[in-house]
Amino acid sequence: MPVTVDELVPLTRAVARSTRRAMVVGDLPFGSYQASPEQGYLTAVRFMKEGGAHCVKLEGGAEMAPVIRKCVEGGIPVIAHIGFTPQSEHTLGGYRVQGRGDAAERVLADARAVQEAGAFAVVMEMVQADVAAKVSAELEIPTIGIGGGNGCDGQVLVWTDAFGIRTGRMPRFVKQYVDVRTVLLDGAKAYRDDVKARTFPGPEHSF
């Protein structure tokens with residue numbers, strides 16, 4: 001929520017400079033595109049021109065279709081993000097699964113709207129698995145799930161969650177593939193112990 005465009009553009013530029021094949025996606029922050037299609041387009045331009053992004057991602061369904069359309073008409077590829085949208089967590093009442101019961105039709109309607117507006121892919125976050133699978137079967141554009149079940153065309157996890165950098169309670173959809181935090185801490189402690197014991201640097205590390 002508090003991150004600004006001015007903070008994200010240099011980070012995007014740093015990523016873009018270090019890539020050769022990967023697609024760099026600029027994630028438009030809260031408050032930088034919701035006011036109007038024009039605001040959204042101008043923000044997206046900054047990510048493309050100053051940040052070197054290849055496309056942008058923005059949150060929202062049917063209500064964001066005009067912003068998506070404006071960007072696409074202006075030559076900016078867009079990934080949409082529907083279901084649970086973190087920038088709207090206060091409006092949604094916290095981290096809640098989307099698409100349950102009667103709300104399933106809303107997810108489907110949002111998916112159709114963003115595709116019609118010109119999005120070339122759509123992220124579905126914390127969407128009931130059967131609903132996400134139904135969206136994936138209906139849409140022509142690829143779907144990317146994060147907590148949307150295995151019926152999506154692709155999957156994404158936050159790397160600090162997947163590789164054990166972050167601690168604390170994890171969402172149900174996270175699978176931790178390795179505990180990097182513990183490995184790093186163990187290494188740091190071993191280094192500290194060696195220095196305190198004066199076993200590092202040893203003769204083999206000295207001139």
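In short, a report on the structure.

So, how was this worked out
- Along each chain, numbering runs from 1 in the same order as the chain's sequence is written.
- A pLDDT threshold of at least 70 governs which residues receive local features in this predicted model, and a stricter bar of 80 or more applies before side-chain atom pairs are shown or counted, although totals over entire chains, interfaces and linings include all residues.
- Derived side-chain values reflect all non-hydrogen atoms in the structure, with water molecules and hydrogen atoms excluded from consideration.
- Take a side-chain nitrogen of Lys or Arg and a carboxyl oxygen of Asp or Glu: if they are within 4 Å of each other, that pair is a salt bridge.
- Counting from the N terminus, the helices are the DSSP runs of H or I reaching at least four residues and the strands are the DSSP runs of E reaching at least two.
- When accessible area is computed with a 1.4 Å probe and restricted to protein chains, residues below 20% of their type maximum are described as buried, those above 50% as exposed, and intermediate ones as partly exposed.
- Here the arc refers to the directions that run from the helix axis out to each C-beta atom.
- We call a set of buried Ala, Val, Leu, Ile, Met, Phe, Trp, Tyr and Cys residues a nonpolar core when their side-chain atoms join them within 4.5 Å.

## Here we look at the pattern of salt bridges
The final tally for this structure, using the stated rule, is 9 salt bridges. Between Lys57 and Asp27 there is a salt bridge, and its shortest N-O distance comes to 3.4 Å. Of this pair, Lys57 sits in strand 2 (residues 55-59) while Asp27 sits in strand 1 (residues 25-27), placing them 30 residues apart in sequence. Judged by relative accessible area, which is 33%, Asp27 ranks as partly exposed. Across the salt bridge formed by Arg112 and Glu138, the nearest N and O atoms sit 2.5 Å from each other. On the criterion of sequence distance, the pair formed by Arg112 in helix 5 (residues 104-117) and Glu138 in helix 6 (residues 129-138) is long-range, its members being 26 residues apart. Given the relative accessible area of 38%, Glu138 is considered partly exposed. Each member of the salt-bridge network shares a partner with another, and the members are Asp6, Arg46 and Glu50.

## So, helix 3 (residues 65-73)
Along helix 3, the positions that sit buried rather than exposed are Ala65, Val67, Ile68 and Cys71. Buried residues of helix 3, viewed axially, fall in a sector of 160°; they line one side. One or two steps after helix 3, the chain reaches Gly75, where phi turns positive at roughly 90°.

## Considerations on the nonpolar core
Leu58 and Ile68 are the most contacted members of the largest nonpolar core, which totals 35 residues. Ranked by residues supplied to this core, first place goes to helix 5 with 6 residues. One finds Ile79, Ala121, Val123 and Ile146 within the second-largest nonpolar core, a separate group that totals 5 residues.

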